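# Fold and contact review
The residues making up each chain are set out below.
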Amino acid sequence: MKKLVENLPRIQRLINRWLRRMAFLCAVAVCFSSAPGQETSDVREMVQKIEELRSAGKFREAIPIAEQVLKYCEKNYGPEHAETADSLNDLAFLYNSMGDQAKALPLYQRALKIREKALGPDHPYTAISLNNLAEAYRESGDYAKAEPLYKRAIKIWENKLGSKHPNTLAGTSNLALLYQDKGDSAKAEPLYVRVLKIREETLGPDNPQVANSLSNLGTLYYHQGNYAKAEPMDQRALKIYEKAYGAENPHTANVQNNLGAIYLDQGDLVKAESFFKQAFEAREKIFGPNNPATGESINNLAWVYMDAGDYAKAEPLYQRSLKITEQTAGPDHPNTATCLNNLGVLYQMMGDYKKAEPYYQRALKIREKALGPNNPDLVSSIGGLADLYRLEKDYARAEPLAEHALQLSEKKFGPTHQMTATAYNNLAAIYEGMGKYDKAEPMFQKGLKLFEDKLGPNHYKTGAALDNLGVLYREKGEYKKAEWYALRAVEVTEKARGPEHPETATCLNDLAKVYDAMGDKAKADPLRQRAAEIRGKTKSKSASPQPTPSSSPT
């Protein structure tokens, strides 16, 4: 039993979650595709074709073939045979991978009932079905149903296979991922640490399974905004994978991708681009140009260029990533929503608000349908729309959306996370636009403190928060305060983003406005001139006219 379970071909699964823009080795879902008892060569060929399509990320194409295999099993073995359970599991996996948990759940439930009846409630294979059903509930956001199923599966594996068996450890990692998704890092972290410790003890420090645990912990720390802890975890994981598998391997590419995300969020675009390019080149060579993993790397590279203000490079990459995702996952998949949302951000940064709005709206509609109206994963779509309406001065629509985004961010990330700081900042910007300075000021200050605490005093998001406060105090007529914040904003942003970045131009222009208000034209004019020169250079690189970017970090 141990040998058979360990060699099931689909023991590991990549979970794609970012906001969209990064993949982490986190979860384990088990599939049965061997169909060992089938004698018909056509069915064996269909099973092989399902595996090929699944490996290529072509889940939609694999579904009708999996449905034929299921019908064959039901007809030849009966509706309650183990082979039928395997086929149900395979079909459910495809639907779950497409984000269609509504179709996956009843299939997983039926497979579980068959296994419980055929093998008993405490069989290791029954535990696999429990785990897979829990995965579908977790991905649909139904954590209350997922948690007891994970726990029951882990208990079965502990009793039958031992506390150090690979399945027991994988199930424990899945439970940790559930707590991570719920925002309960206090429960997730010790589980990940425990799995890492056991794997190091039983497999040695350089085993790929150890790298998997390191990557999981790196993911957790990344989502906490704790890059100082996340980076060494992923660096160590990368060394293990490179030594074990080489540079052109999916696991190696995944960790390179994770490191790129860490550096991107820290504002180190040179390192981010380097790691994202390495991941992209490996994935394109391994999977081909139209695989979801390749599309994700294209999306991530687009983020680097957008953050650098090079919108002409970013736009075609985002569009290409969207096309790949729509073709492989479908037009209504949450990953498609992520691509749409990113395009909304790009067009907002480019000042094309009318073009940005339908992308935000379609992304939100997809996520609401897949996850429900109050799921924390909606925060980027809702927050993006809120900031867009603010820029259009449509405060009646912006304010309730920004308040909702803040609530969701606090629920998902906690009150001290950098994403929550962004939500504070964006809501404060709306209050500022409405002239509600007494409401805006404490929220801007709170956002600034969180950015300084979590990202450091010289991060570009800290610079944007300083600039926001400079604008606020200028509008309030408190020019000395405004000057201090505006000068600091220029200093931080220029250092973090570079002297020719659009955000540097925004800060220079805002400082010029402070000096205008103070009647110091001699100081204002050269700042304004320099900002105009930066925008002129950026405009030549942009795919559409270059605007003043939003002063709120997004």
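My aim in this report is to walk through the structure given alongside it, one point at a time. Since the model is a prediction, treat every value here as computed from it, not as a measurement.

What counts and how
Residues numbered from 1 in each chain as written. Predicted model: local features only at pLDDT ≥ 70, side-chain atom pairs only at ≥ 80, totals over all residues. Heavy atoms only, no water. Helix = DSSP H or I, 4+ residues; strand = E, 2+ residues; numbered from the N terminus. Buried < 20%, exposed > 50% of the residue type's maximum accessible area, 1.4 Å probe, protein only. Contact = heavy atoms within 4.5 Å. Areas by Shrake-Rupley, 256 points an atom, 1.4 Å probe, with all protein chains shown as cover. Expected span 1.5 Å × (residues − 1). Phe/Tyr/Trp six-rings, centres within 6.5 Å; stacked < 30°, edge-to-face > 60°. Lys NZ or Arg CZ within 6 Å of the ring centre and 35° of its normal. Salt bridge = Lys/Arg side-chain N within 4 Å of Asp/Glu carboxyl O. Axes fitted to C-alpha atoms, helices over the stretch in contact; angles between N-to-C directions. Parallel < 35°, antiparallel > 145°, perpendicular 65-115°, else oblique. Left-handed = near helix turned anticlockwise from the far one by under 90°. Nonpolar A, V, L, I, M, F, W, Y, C, P; charged D, E, K, R; others polar. Polar contact = N/O pair within 3.5 Å; in protein donor to acceptor, adjacent residues only side chain to side chain.

On to the overall build of the chain. Scanning the chain from N- to C-terminus turns up 25 helices and two strands. For the chain, the residues scored as buried account for 59% of the 554 residues in total. Considering only contacts within the chain whose residues lie at least 6 apart along the sequence, 64% involve residues at least 24 apart. Split by element, the accessible area of the chain, about 22000 Å² in all, is 53% carbon and sulfur.

A few words on the environment of Arg474. Mapping Arg474 onto the fold places it in helix H22 (residues 460-476). For the pair Arg474 and Leu511, spaced 37 residues apart in sequence, the C-alpha separation works out to 9.5 Å. Contacts of Arg474, omitting those with residues within four sequence positions, involve Tyr479, Ala482, Asp510, Lys513, Val514 and Ala517.

Moving on, we come to helix H15 (residues 311-329). Here H15 is 19 residues long and its end C-alpha atoms lie 26 Å apart, about the 27 Å a rise of 1.5 Å per residue gives. Turning to H15, its buried residues are Tyr311, Ala314, Glu315, Leu317, Tyr318, Ser321, Leu322, Ile324, Thr325, Thr328 and Ala329. Trailing H15 by a residue or two, Gly330 shows a phi angle of about 110°, which is positive.

A full pass over the atoms with the stated rule returns eight aromatic pairs. Plain terms: the ring middles of Trp484 and Tyr485 are 4.9 Å apart, the flat faces sit at 85° to each other, and that makes the pair edge-to-face. Three or more aromatic residues joined by ring pairs make a cluster, and in this case those are Tyr473, Trp484 and Tyr485. Stacked on the ring of Tyr460, the Lys or Arg Arg497 has its end atom at 3.6 Å from the ring centre.

Glancing now at the environment of Glu201. With respect to the helices and strands, Glu201 occurs in helix H9 (residues 185-203). Spatially, the C-alpha atoms of Glu201 and Lys164 are 9.8 Å apart, while their sequence positions differ by 37 residues.

With that settled, consider unusual backbone geometry. In the Ramachandran plot, Lys393 falls in the positive-phi region, its phi being about 65° despite a non-glycine side chain. The residue Lys393 is located in the loop between helix H18 (379-391) and helix H19 (395-413) in this model. For Lys393, a relative accessible area of 62% gives the class exposed.

Across all of its chains, the model carries 36 salt bridges by this definition. Here Glu399 and Lys436 are joined by a salt bridge, their closest N and O atoms 4.0 Å apart. Placement of Glu399 in helix H19 and of Lys436 in the loop between helix H20 (418-433) and helix H21 (437-455) is noted, with a sequence separation of 37 residues between them. Looking at Lys436, the relative accessible area reads 34%, which means it is partly exposed. Here the salt bridges do not stand alone but share partners, grouping Glu135, Arg138, Glu139 and Asp181 into one network.

What follows is about the packing of H15 against helix H16 (residues 334-349). Where H15 contacts H16, the two axes come as close as 9 Å, and the packing angle between them is 160°. In terms of orientation, H15 lies roughly antiparallel with respect to H16. As H15 runs across H16, the sense of the crossing is left-handed. When H15 is examined against H16, the residues Tyr311, Ala314, Glu315, Tyr318, Gln319, Ser321, Leu322, Thr325 and Glu326 are found in contact with a partner set consisting of Asn335, Thr336, Cys339, Leu340, Asn342, Leu343, Leu346, Tyr347 and Met349. Residues that form the contact of H15 with H16 fall into these classes: 10 nonpolar, six polar and two charged.

The next subject is the side chain of Asn291. Residue placement: Asn291 occurs in the loop between helix H13 (269-287) and helix H14 (292-307). At a separation of 2.9 Å, a polar atom in the side chain of Asn291 contacts the main-chain amide nitrogen of Ala293. Ignoring anything within four residues of it in the chain, the contact list for Asn291 reads Ser55, Ala56, Gly57 and Ile324.

With respect to the helices and strands, the residue Pro400 is situated in helix H19. Taking C-alpha positions, Pro400 is 8.0 Å from Ala386, a pair spaced 14 residues apart along the chain.

With 19 residues, H21 should reach 27 Å at 1.5 Å per residue; the first-to-last C-alpha distance of 26 Å fits that figure. Among all positions in H21, only Ala440, Glu441, Met443, Phe444, Gly447, Leu448, Leu450, Phe451 and Leu455 are buried. For H21, the elements touching its buried residues are helix H11 (227-245), H19, H20, H22 and helix H23 (479-497). Two residues or fewer after H21 comes Gly456, characterised by a positive phi angle close to 105°.

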